[in-house]
Amino acid sequence: MSVNHIRNVLVPRKSGLYTDHLVGKLLISLPMLGFSRPVQKLIGALAPKVALCVEPLSARTFATFGSLRRLHSCPETDNLLEALLPKLTESELELEPHTISRMVVGLSSMDPSTSNCTGRYLFAVGEKLKNVDSEFSVGDLAQMYEALHRFSRTNTGLDIFEILYPKLQECEDLMPSHVTKILAGLSKPHPKNVEEDAMDRAERVVDNTLTLLQSKVAAADGKMNLFSTTDCASCLNSLPGLGDGPGARSIWSLVARKAMATERRTLEDKGHGFVLGKTLISILKWTKQLEKKSPELDLLVSTLSEMLQHRKRNGDVMLAKAAALAAGE
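Residues numbered from 1 in each chain as written. Predicted model: local features only at pLDDT ≥ 70, side-chain atom pairs only at ≥ 80, totals over all residues. Heavy atoms only, no water.

K.L.:
It is not clear to me how the overall build of the protein should be interpreted in this structure. Could you clarify?
P.N.:
For the protein, the count of helices and strands is 16 helices and zero strands. Counting all 329 residues of the protein, 51% fall into the buried class. Partitioning the contacts of the protein with sequence separation of at least 6, the portion at a separation of at least 24 is 82%. With an accessible surface of roughly 15400 Å², the protein has 52% of that area assigned to carbon and sulfur atoms. (Helix = DSSP H or I, 4+ residues; strand = E, 2+ residues; numbered from the N terminus. Buried < 20%, exposed > 50% of the residue type's maximum accessible area, 1.4 Å probe, protein only. Contact = heavy atoms within 4.5 Å. Areas by Shrake-Rupley, 256 points an atom, 1.4 Å probe, with all protein chains shown as cover.)

K.L.:
Just to check I follow, could you spell out the nonpolar core for this structure?
P.N.:
Proteins that are soluble and globular tend to have nonpolar side chains buried together. In terms of nonpolar packing, the biggest core is built from 96 residues, with Tyr121, Leu183, Leu236, Leu239 and Ile251 touching the most fellow members. When residues of this core are assigned to their parent elements, the largest contribution, eight residues, is made by helix H13 (residues 246–268). (Core = buried A, V, L, I, M, F, W, Y, C linked by side-chain atoms within 4.5 Å.)

K.L.:
Help me understand the confidence of the model for the protein, please; the structure alone is not making it clear to me.
P.N.:
Note: predicted coordinates in regions of low pLDDT should not be interpreted at a detailed level. For the protein, per-residue confidence averages 85 on the pLDDT scale, and 85% of positions sit at 70 or higher. When the elements of the protein are averaged for pLDDT, helix H16 (residues 317–327) gives the smallest value, 54, and helix H10 (residues 176–186) the largest, 97. (pLDDT = per-residue confidence, 0-100.)

K.L.:
Could you clarify how one ought to interpret the side chain of Ser250 in this entry?
P.N.:
Looking at the element boundaries, Ser250 is found in helix H13. Within the structure, Ser250 has its side chain in polar contact with the backbone oxygen of Gly247 (distance 2.6 Å). In this structure Ser250 touches Leu210, Thr211 and Gln214, once residues within four positions along its chain are discounted. (Polar contact = N/O pair within 3.5 Å; in protein donor to acceptor, adjacent residues only side chain to side chain.)

K.L.:
Where do I start with a negative patch on the surface in this structure?
P.N.:
Together, Glu135, Glu170, Glu172 and Asp173 give the surface a local cluster of negative charge. Structurally, the position occupied by Glu135 is in the loop between helix H7 (117–130) and helix H8 (138–147). (Patch = residues over 30% accessible without salt bridge, like charges linked within 9 Å, V, L, I, M, F, W, Y side chains within 5 Å. Salt bridge = Lys/Arg side-chain N within 4 Å of Asp/Glu carboxyl O. Lys, Arg positive; Asp, Glu negative; His and termini not counted. Charge placed at Lys NZ, Arg CZ, Asp CG, Glu CD.)

K.L.:
Is there a simple way to think about the packing of aromatic side chains in this case?
P.N.:
The way to describe two aromatic rings as a pair is by their centre distance and the angle between their planes. Going through the model one piece at a time under the given rule, you end up with four aromatic pairs. With centroids separated by 5.5 Å and ring planes inclined at 20°, the aromatic side chains of Tyr145 and Phe161 adopt a geometry described as stacked. Of the two residues, Tyr145 sits in helix H8 while Phe161 sits in helix H9 (residues 155–170), which places them 16 residues apart along the sequence. A relative accessible area of 1% means that Phe161 is categorised as buried. Among the aromatic residues, ring-to-ring pairing joins Phe62, Phe65 and Tyr121 into one connected group. (Phe/Tyr/Trp six-rings, centres within 6.5 Å; stacked < 30°, edge-to-face > 60°.)

K.L.:
Just to check I follow, could you spell out the pattern of salt bridges for this structure?
P.N.:
Counted under the stated rule, the structure contains seven salt bridges. Between Glu76 and Arg37 there is a salt bridge, and its shortest N-O distance comes to 3.1 Å. Linking Glu76 in helix H5 (residues 75–89) with Arg37 in helix H3 (residues 37–51), this pair joins segments that are 39 residues apart in sequence. Notably, a salt bridge pairs Glu82 with Arg120, separated by 2.6 Å at the nearest N-O pair.

K.L.:
It is not clear to me how the side chain of Arg153 should be interpreted in this structure. Could you clarify?
P.N.:
Take Arg153: it is sitting in the loop between H8 and H9. With residues near it in sequence (within four places) discarded, Arg153 still touches Leu186, Ser187, Lys188, Pro189, Asn193, Val194, Glu195, Ala198, Met199, Ala202, Val206 and Gly241.

K.L.:
Which parts of the structure should I look at to understand H5?
P.N.:
Every α-helix carries 3.6 residues per turn, so stepping three or four residues along brings you back to the same face. Given a rise of 1.5 Å per residue, 15 residues ought to cover 21 Å, and the 21 Å separating the end C-alpha atoms of H5 matches this to within 8%. Buried within H5 we find Glu76, Thr77, Leu80, Leu81, Ala83, Leu84, Leu85, Lys87 and Leu88. On its buried face, H5 is in contact with helix H2 (20–29), H3, helix H4 (59–63), helix H6 (97–105) and H7. (Expected span 1.5 Å × (residues − 1).)

K.L.:
Teacher, can you tell me more about the environment of Leu84 here?
P.N.:
On the secondary structure map, Leu84 appears in helix H5. Relative accessible area serves as the criterion here: at 0%, Leu84 is assigned to the buried category. In sequence terms Leu84 and Ala51 are 33 residues apart; their C-alpha atoms lie 7.1 Å from each other. Once residues lying within four places of it in the same chain are set aside, the contact partners of Leu84 are Leu27, Val50, Leu57, Phe65 and Leu68.

K.L.:
I would appreciate a short explanation of helix H11 (residues 199–219) in the present structure.
P.N.:
Across its 21 residues, H11 extends 30 Å between first and last C-alpha, which sits within 8% of the 30 Å expected from 1.5 Å per residue. Of all the residues in H11, the buried ones are Arg201, Ala202, Val205, Val206, Asp207, Thr209, Leu210, Leu212, Leu213, Gln214, Lys216 and Val217.

Next up, the structure:
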């Protein structure tokens, strides 16, 4: 649908009534147009139409909520979430794991706050999640964790992490991309998205999840594919936001081992993975700021330092210059 087509659809109909099918079609089409001011106006026009929808929303339409990830918080999207909220809370449908996952993904670019409609919408999704008996695929779980990054230090986001914990326990066949997404979701977001009264609880909930994740990866050792250089760079970039509890430290060791295994393969293939190289430098700088020493930190530092030396010896001139600059040489 184009902007003009959608605008025509939103012109008041004689009946003034909208169907479940049309609401779903509009929810998919609108975000695909980007997030310009004309699109914001269309979103504002859609909200009252959703509120007046004469049919209960179907599971298929609830799944289209995932397309909202292309939007951002503004008065118009807040009004749309307000219109969708009663449709969700009053629905008697038992939603499938994939549908729940898509609904959480839809909030991934919204500003989190338990005091506004985004927080209340996420709370409602959490209530639906409690009643899901079907087994989650590891892909859906990983997507949910990643989408909850902005909410990872809010009480509502932590509620959902606690619901997801036993579901992660049941998951098998973890792949590197899943680990990468879960770590990204658990890392600390921008300070503006942090609820100070949730921080003590977040430390406990996040660290427990990290401990579980490390044990799941260890159990899959030998079956799991090697991490790509992109996977390793992403995992390393998540480390500063995970804290320094026992679970986080176990992840430091895990990521160090996986990164070294990837490094050896990369150098054998005569590739340098410059993105990973720059990440090594930034993470080593971060480790120097840590006050608590531990065997896990020692392993991380020694591994990353060895990787840098490998790169220098193998002629990664650009990396060597970057490393010297970072060290102030």
